[in-house]
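Letter by letter, the chains look like this.
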Amino acid sequence: LDDVIAIFDFLHPELFASVDYLTAYDVRTAIGPFFLRRRKQDVLAELPPKTTTQEWIALTRKQRASYDMAFERGVVHLREQGTSVTVQHVLALLQKLKQICNFDPETGDSAKMKWLREYWPQMTDDGNKLLIFSQWKGFGVDDICEKLGLESCLRRFTGDMSGPQRERARQEFSDDPDVKAMVLTYGAGGIGLNLQAANYVIRFDHWWNPAREEQIGR
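A brief look at the structure comes next. (Residues numbered from 1 in each chain as written. Predicted model: local features only at pLDDT ≥ 70, side-chain atom pairs only at ≥ 80, totals over all residues. Heavy atoms only, no water.)

## A few points about the overall build of the chain
Thought 1: Counting its secondary structure elements, the chain contains 10 helices and four strands.
Thought 2: N-terminal to C-terminal, the α/β element order of the chain is α-α-α-α-α-α-β-α-β-α-β-α-β-α.
Thought 3: For the chain, whose C-alpha radius of gyration is 23 Å, the value lies well above the compact-globule estimate of 17 Å for 218 residues.
Thought 4: Along the first, second and third principal axes, the C-alpha set of the chain runs to 70 × 55 × 35 Å.
Thought 5: A buried classification covers 31% of the 218 residues belonging to the chain.
Thought 6: Restricting to contacts in the chain with at least 6 residues of sequence separation, those with at least 24 account for 67%.
Thought 7: In the structure as shown, the chain presents an accessible area of about 14,500 Å², 52% of it carried by carbon and sulfur atoms.
Thought 8: Counting 28 positive and 31 negative side-chain charges, the chain places the centres of these two groups 5 Å from one another. (Helix = DSSP H or I, 4+ residues; strand = E, 2+ residues; numbered from the N terminus. Rg over C-alpha atoms; globule rule 2.2 N^0.38 Å. Buried < 20%, exposed > 50% of the residue type's maximum accessible area, 1.4 Å probe, protein only. Contact = heavy atoms within 4.5 Å. Areas by Shrake-Rupley, 256 points an atom, 1.4 Å probe, with all protein chains shown as cover. Lys, Arg positive; Asp, Glu negative; His and termini not counted. Charge placed at Lys NZ, Arg CZ, Asp CG, Glu CD.)

Printed below as a string of C-alpha cells:
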C-alpha cells in the first residue's frame, strides 16, 4: 500500500495531499480513474486461439562441418584447461555452437533462413505481420535482415538503438501496412513491449531463460 501511495505522490501529488490516514479502500477508490486492468479471463473470448509449432531444421552441410569442427576444438580446449575449467568456459562453447546453428561464420549458410524465406510469403499474406526474435545482433538480427534482403519491409529493434529510434520502429511496424516484420533481440524487445499488430512470433534461436520466452509468447 505504501508503494502505491508513493508512486501516486510522484505522479499526482494532489491526490492524497488532504488525507492523513489511508485505508486500502481509500487508495483503491482514489486511483480508480487512473488504473486500467485487463485480465486474461476478461478478454479470452475475444482472442483467437494461439497455435505453437516447433520446427526441427537440419543444419546445412557447411553448417554441420563448422559445427563439428567447433565442437571438437572446443572439447579439446576444455580438456586442456584441466581443473581450471569453469562454467563460463563451457557456456562460451555452447554459445558459439548456438551461433553456428543460426549462421555458418565462414559461408553465411543458414538452414533457418532457408525455412524463413520459404514461409515468408505465407506468413505475410493478407496483411499479416511477424516478430522474429534472436539473442544476438551479429549471428541474429543483423544477419536475418541482410539475408532476407527486404529492408523496406523490416524494422529492427535492438538495445543499441536510441529511445526515439526504437519508438519510431515500433510505430512504423504497427501503423505501416508495408512493414511486414520486426526483428528484435530478446533483451530489447522481450519485456514491456506491446506489438499487437503481429500475427506470428518466430524464435529464431532459444533464450537461456525459458521464462523470458514464455513472456514473449504472450
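## Focus: the sheet that holds strand 1 (residues 130–134)
Thought 1: Here we have four strands laid out as an open sheet, ordered 2-3-1-4, and parallel in their pairing. Among the strands making up the open sheet, the edge pair consists of strand 2 (154–157) and strand 4 (200–203). With strand direction ignored, the average angle separating the axes of adjacent strands in the sheet is 20°.
Thought 2: Bridge analysis of strand 2 against strand 3 (residues 181–185) gives four bridges, and the strand direction is parallel. Bridge pairing in strand 3 places Leu 154 opposite Ala 181. (Pairing = 2+ DSSP bridges. Axes fitted to C-alpha atoms, helices over the stretch in contact; angles between N-to-C directions.)

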